[in-house]
Amino acid sequence: MEYKIERDGGEVTVWNEAAAVGLRFTEGETLQLYMCAIVLPPWKELSPRDLERIQRVANEITDYCREKWPREFAPISS
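Residues numbered from 1 in each chain as written. Predicted model: local features only at pLDDT ≥ 70, side-chain atom pairs only at ≥ 80, totals over all residues. Heavy atoms only, no water.

Visitor: What exactly am I supposed to notice about the nonpolar core here?
Guide: Residues Val-14, Val-21, Phe-25, Ile-61, Cys-65, Trp-69 and Phe-73 are the most contacted members of the largest nonpolar core, which totals 13 residues. Only strand E2 (11–16), strand E3 (21–26) and helix H2 (48–68) provide two or more residues apiece to this core. It is H2 that contributes the most residues to this core, four residues altogether. With residues up to four places along the chain from it excluded, the contact list for Trp-69 reads Ile-5, Arg-7, Val-12, Val-14, Phe-25, Glu-27 and Tyr-64. (Core = buried A, V, L, I, M, F, W, Y, C linked by side-chain atoms within 4.5 Å. Buried < 20%, exposed > 50% of the residue type's maximum accessible area, 1.4 Å probe, protein only. Helix = DSSP H or I, 4+ residues; strand = E, 2+ residues; numbered from the N terminus. Contact = heavy atoms within 4.5 Å.)

Visitor: Can you walk me through the sheet that holds strand E4 (residues 37–39) in this structure?
Guide: Strands in a sheet are paired, the pairing made by backbone hydrogen bonds, and the direction either parallel or antiparallel. The four strands lie next to each other as E1-E2-E3-E4, forming an open sheet whose pairing is antiparallel. Unpaired on one side and paired on the other, strand E1 (4–8) and E4 mark the two borders of the sheet. Recorded for the sheet is a direction-independent mean angle of 25° between the axes of neighbouring strands. Examined bridge by bridge, E3 and E4 share three bridges and lie antiparallel to one another. Paired with Arg-24 across the strands is Ala-37, a residue of E4. In the packing of H2 onto the sheet, contacts are made with E1, E2, E3 and E4, and the angle to E3 comes to roughly 40°. (Pairing = 2+ DSSP bridges. Axes fitted to C-alpha atoms, helices over the stretch in contact; angles between N-to-C directions.)

Note that every value here comes from positions in space, so none of it alone points to a role or purpose.
Given below as structure tokens:
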């Protein structure tokens, strides 16, 4: 999958443009796996089917981010 990466200061948004779903996080900060935000274009109404698709795409983007930004997306270790 090809993703569009936008940078704004320390914030990075990784977009799956075909699905219109993005994931925003702060580059250089740890715990982004837990603190990132799903970004969507303005929608009037979402159906349960939309929510399932959005979560699936967000999970795919998170997997990509874990590879590209391993420090930021590292899980908490005990």
